[in-house]
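# Coordinate inspection notes
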Amino acid sequence: MLDKIKIVKQRFDEVSDLIIQPDIITDQKRYAKLNKEYKDLSKVVEKGNEYQTLMSNIDEAKEIIADGSDAEMVEMAKMELEEANERIPELEEEIKFMLIPKDPEDAKNVIVEIRAGTGGDEASIFAGDLYRMYTKYCATRGWKTEVEDIADGTSGGFKEIIFSVTGEDVYGDLKFESGVHRVQRVPQTETQGRVHTSAATVMVLPEAEEFDVQINNADVRVDYFCSSGPGGQSVNTTYSAVRLTHIPTGIVAQCQDQKSQHKNKDKAMKVLRSRIYEMELAKKLELDAAQRKTMVSSGDRSAKIRTYNYPQGRVTEHRIGLTLYDLGNIVNGDIHKIIDELKLTENTEKLKELGEANI
């Protein structure tokens, strides 16, 4: 472990020198990448320093106990030795997980797309419930959310809602949410009190920067049309809504949320760029999943990943067989337990690949 910490410390020192070089600072892409690496390495170095301090304390305590000349000092050394021996295995486990190679996408902001699936009006209402769940979770993380485009449902909720999330390591957490979410409950419109199953699809796209995806303007068809959503007469009678079509891939993105045509075009371009980037990333995820036989982050957007059962107050995460009887809190944004378990599963899989786990 000490050898690994030493290697990390050497790289940390290298990166510390690099990020203050003028040629690095002017290279936006490289500077952002190195700055992220610096932050990640600093956390490992901090844990590494704690580990080295504990190892030194153990050696020192053993010397005092072996000397045995001062009974009071020996008693204190025994206590310190016991505390250090308890902490060392925990710390080694923490450092082991921190040393797993980071997915470069994890640091990115995201575009989240929620679409109502089977279930009619109830599916739209459920899509609205999922949107509120995610915005509340993002608020607890200190992340900022902003609606990019919206299509209201006929009885509440949304046929579709697209929103962006900005903050630290957003994709690293929210990437697990991609897939089909099912709800089992009695719809508001049901008079017989029968439980129905409805669904909504969630897509989490890492937000692509301009240097991630180069889009040739000649490859994009731009269509302007009248907004159909709320916003008053001025919105609905002017051609402020924008639809962008990327001709080589056939990928479409549109935005009608803003009164300004220019703002709508900028938002639609952000979504279009992220969809193109995610298409390539999905191919990579499928390849990785096939190689690792992973159940998490497989890239399969049609997989049923989670069921919210209201009559029993139960949420089931199908990928890892996790069942929680805490539906009320979960739909109010308390999804960190599920995400933590999914991250743990993925990291354990990665450790096995690296030959670090005891299998």
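The coordinates are above.
Below or above, wherever it landed, is the structure these notes cover. (Residues numbered from 1 in each chain as written. Predicted model: local features only at pLDDT ≥ 70, side-chain atom pairs only at ≥ 80, totals over all residues. Heavy atoms only, no water.)

### Remarks on the pairing of strand β5 (residues 196–206)
Taken across its 11 residues, β5 has eight buried, putting it largely inside the fold. One ladder, built from seven bridges, connects strand β1 (residues 110–116) with β5; its direction is antiparallel. When the bridges of β5 are listed, Val110 appears paired with Pro206. One ladder, built from seven bridges, connects strand β4 (residues 179–185) with β5; its direction is antiparallel. In the strand pairing of β5, His181 is matched with Ala200. (Buried < 20%, exposed > 50% of the residue type's maximum accessible area, 1.4 Å probe, protein only. Helix = DSSP H or I, 4+ residues; strand = E, 2+ residues; numbered from the N terminus. Pairing = 2+ DSSP bridges.)

### Considering the side chain of Arg306
Inspection of the secondary structure puts Arg306 in strand β9 (residues 304–309). A polar atom in the side chain of Arg306 sits 2.7 Å from the side chain of Glu177. A distance of 2.9 Å separates the side chain of Arg306 from the side chain of Glu317, its partner in a polar contact. Those residues in contact with Arg306 that lie beyond four places of it in its chain are Glu177, Val180, His181, Arg182, Val315, Thr316, Glu317, His318, Arg319, Ile338 and Leu342. (Polar contact = N/O pair within 3.5 Å; in protein donor to acceptor, adjacent residues only side chain to side chain. Contact = heavy atoms within 4.5 Å.)

### Regarding the packing of aromatic side chains
Counted under the stated rule, the structure contains five aromatic pairs. Note on Phe126 and Tyr308: the rings are 5.6 Å apart at their centroids and 65 degrees apart in plane angle, and the pair reads as edge-to-face. Here Phe126, found in helix α5 (residues 121–141), pairs with Tyr308, found in strand β9; they are 182 residues apart in sequence, far enough to count as distant. Like Phe126, the residue Tyr308 is buried in the burial classification. Ring plane angle 75 degrees and centroid distance 5.1 Å describe the contact between Tyr131 and Phe163, whose orientation is recorded as edge-to-face. Of the two residues, Tyr131 sits in helix α5 while Phe163 sits in strand β3 (residues 158–166), which places them 32 residues apart along the sequence. Residue Tyr131 is classed as buried on the basis of its relative accessible area of 17%. Judged by relative accessible area, which is 1%, Phe163 ranks as buried. A network of ring pairs unites the aromatic residues Tyr131, Phe158 and Phe163 as a single cluster. Residue placement shows Arg185 over the ring face of Tyr310; its charged tip is 4.8 Å from the ring centre. (Phe/Tyr/Trp six-rings, centres within 6.5 Å; stacked < 30°, edge-to-face > 60°. Lys NZ or Arg CZ within 6 Å of the ring centre and 35° of its normal.)

### Topic: the side chain of Thr316
Within the fold, Thr316 resides in strand β10 (residues 314–317). The exposure class assigned to Thr316 is buried, which follows from its relative accessible area of 15%. Side chain to side chain, Thr316 and Arg314 meet in a polar contact 3.4 Å long. Leave out the neighbours within four places in its chain, and Thr316 touches Ile305, Arg306, Thr307, Leu322 and Thr323.

### Some points on the sheet that holds strand β8 (residues 251–255)
Here we have three strands laid out as an open sheet, ordered β6-β7-β8, and antiparallel in their pairing. If you trace the sheet from one side to the other, it starts and ends with β6 (220–225) and β8, each paired once. Within this sheet the neighbouring strands show an average axis-to-axis angle of 15 degrees, counted without direction. (Axes fitted to C-alpha atoms, helices over the stretch in contact; angles between N-to-C directions.)

### Notes on the sheet that holds strand β11 (residues 322–324)
Read across the sheet, eight strands follow the order β2-β3-β1-β5-β4-β9-β10-β11 without closing on themselves; strand pairing throughout is mixed. Pairing within the sheet leaves two strands with one partner each, and these edge strands are β2 (144–152) and β11. Shown here is a sheet whose adjacent strand axes are inclined to one another by a mean of 15 degrees, direction ignored. In the packing of α5 onto the sheet, contacts are made with β1, β2, β3, β4, β5 and β9, and the angle to β4 comes to roughly 115 degrees. Helix-sheet contacts for helix α10 (residues 336–353) involve β9, β10 and β11, and the interaxial angle to β11 is about 165 degrees.

### Side note on the environment of Glu83
Inspection of the secondary structure assignment puts Glu83 in helix α4 (residues 71–98). Taking relative accessible area as the criterion, Glu83 reaches 53% and is therefore assigned exposed. For the pair Glu83 and Ile58, spaced 25 residues apart in sequence, the C-alpha separation works out to 9.5 Å.

### A short note on the packing of helix α3 (residues 28–67) against α4
Between α3 and α4, whose axes approach to 8 Å, the crossing angle comes to 150 degrees. The angle between α3 and α4 places the two elements in the roughly antiparallel class. As α3 packs across α4, the resulting crossing turns out to be left-handed. Counted by class, the contact of α3 with α4 contains 17 nonpolar, three polar and nine charged residues. (Parallel < 35°, antiparallel > 145°, perpendicular 65-115°, else oblique. Left-handed = near helix turned anticlockwise from the far one by under 90°. Nonpolar A, V, L, I, M, F, W, Y, C, P; charged D, E, K, R; others polar.)

### Some words on a negative patch on the surface
Where like charges cluster on the molecular surface, the negative patch consists of Asp59, Glu60, Glu63, Glu80, Glu82, Glu83 and Glu86. Listing elements by their share of the negative patch, those giving two or more residues are α3 and α4. Considering each element in turn, the negative patch owes the most residues, four residues, to α4. Positionally, Glu60 belongs in helix α3. (Patch = residues over 30% accessible without salt bridge, like charges linked within 9 Å, V, L, I, M, F, W, Y side chains within 5 Å. Areas by Shrake-Rupley, 256 points an atom, 1.4 Å probe, with all protein chains shown as cover. Salt bridge = Lys/Arg side-chain N within 4 Å of Asp/Glu carboxyl O. Lys, Arg positive; Asp, Glu negative; His and termini not counted. Charge placed at Lys NZ, Arg CZ, Asp CG, Glu CD.)

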